[in-house]
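Spelled out from the first residue to the last, the chains are:
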Amino acid sequence: MTVRVSRTFEFDAPPADVWAFISDAEQRASAISVVDSFDLHGDGSATWHVALPVPMIRSTIDVETEEVERDSPNRVKFVGKSRAFRVTGEHEITETDGGCRLANEFVVDGRLPGVESFFKRNFDAELDNLEDALRASLASPA
């Protein structure tokens, strides 16, 4: 089973400010509650150490992530692969009157029992975390 979720956020901020957050692998990873820690690699890839509270998984899972598309400053897409699941995330910024819109889409294909149901139950909260982190970043002085 595949879990897919999409959500759009509206910001009264310049698209470049939203891009600065969403194109940064560290900031994206930090916003997700199940990402216990992460390692950034010099080539733009990263390893997310993910802790999922599902019965088949008793330790963190290493998810090797890499950007597969980048159209600066409008769109970034990444793919994460692990033994438990594969995740694809895509973020696209569109300028609006007085700000911008950020469209987000995530797709998770589970490889172990319980992974899809976890994401199905928790994706909305994770997107709330991403939005909250981005809004906090925009509110902070540069």
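Our subject is the structure listed above.
Owing to the predicted nature of the structure, the values given are computational and were not obtained by experimental measurement.

1. A word on empty space enclosed by the protein
Unoccupied space between atoms shows up once a probe the size of one water molecule is rolled over them.
Link 1 in the chain: Going through the model one piece at a time under the given rule, you end up with two cavities of 30 Å³ or more.
Link 2 in the chain: If you add up the space inside the largest cavity, you get close to 210 Å³.
Link 3 in the chain: Surrounding the largest cavity, 16 residues form its lining, Ile-32, Trp-48, Val-87, Phe-106 and Phe-123 being those nearest its centre.
Link 4 in the chain: Listing elements by their share of the lining of the largest cavity, those giving two or more residues are β3 (46-50), β6 (85-96) and α3 (115-139).
Link 5 in the chain: Ranked by residues supplied to the lining of the largest cavity, first place goes to α3 with five residues.
Link 6 in the chain: A per-class count over the lining of the largest cavity returns 13 nonpolar, one polar and two charged.
Link 7 in the chain: Quantified by volume, the second largest cavity comes out at close to 50 Å³.
Link 8 in the chain: Lining the second largest cavity, in full, are Ala-25, Arg-28, Gly-44, Ser-45, Ala-46, Trp-48, Thr-65, Glu-66, Glu-67 and Phe-78.
Link 9 in the chain: Breaking the lining of the second largest cavity down by element, the ones donating at least two residues are α2 (25-30), β3 and β4 (61-71).
Link 10 in the chain: Of all the elements, β4 adds the most residues to the lining of the second largest cavity, at three residues.

About the thresholds
- Residues numbered from 1 in each chain as written.
- Predicted model: local features only at pLDDT ≥ 70, side-chain atom pairs only at ≥ 80, totals over all residues.
- Heavy atoms only, no water.
- 1 Å grid on protein atoms, 1.4 Å probe; cavity = no way out; pocket = protein on both sides within 12 Å on 5 of 7 lines; lining within 4 Å.
- Points joined across faces, edges and corners; volume = space filled by probe spheres on them.
- Helix = DSSP H or I, 4+ residues; strand = E, 2+ residues; numbered from the N terminus.
- Nonpolar A, V, L, I, M, F, W, Y, C, P; charged D, E, K, R; others polar.

In short, shape yes, function no, at least from these values alone.
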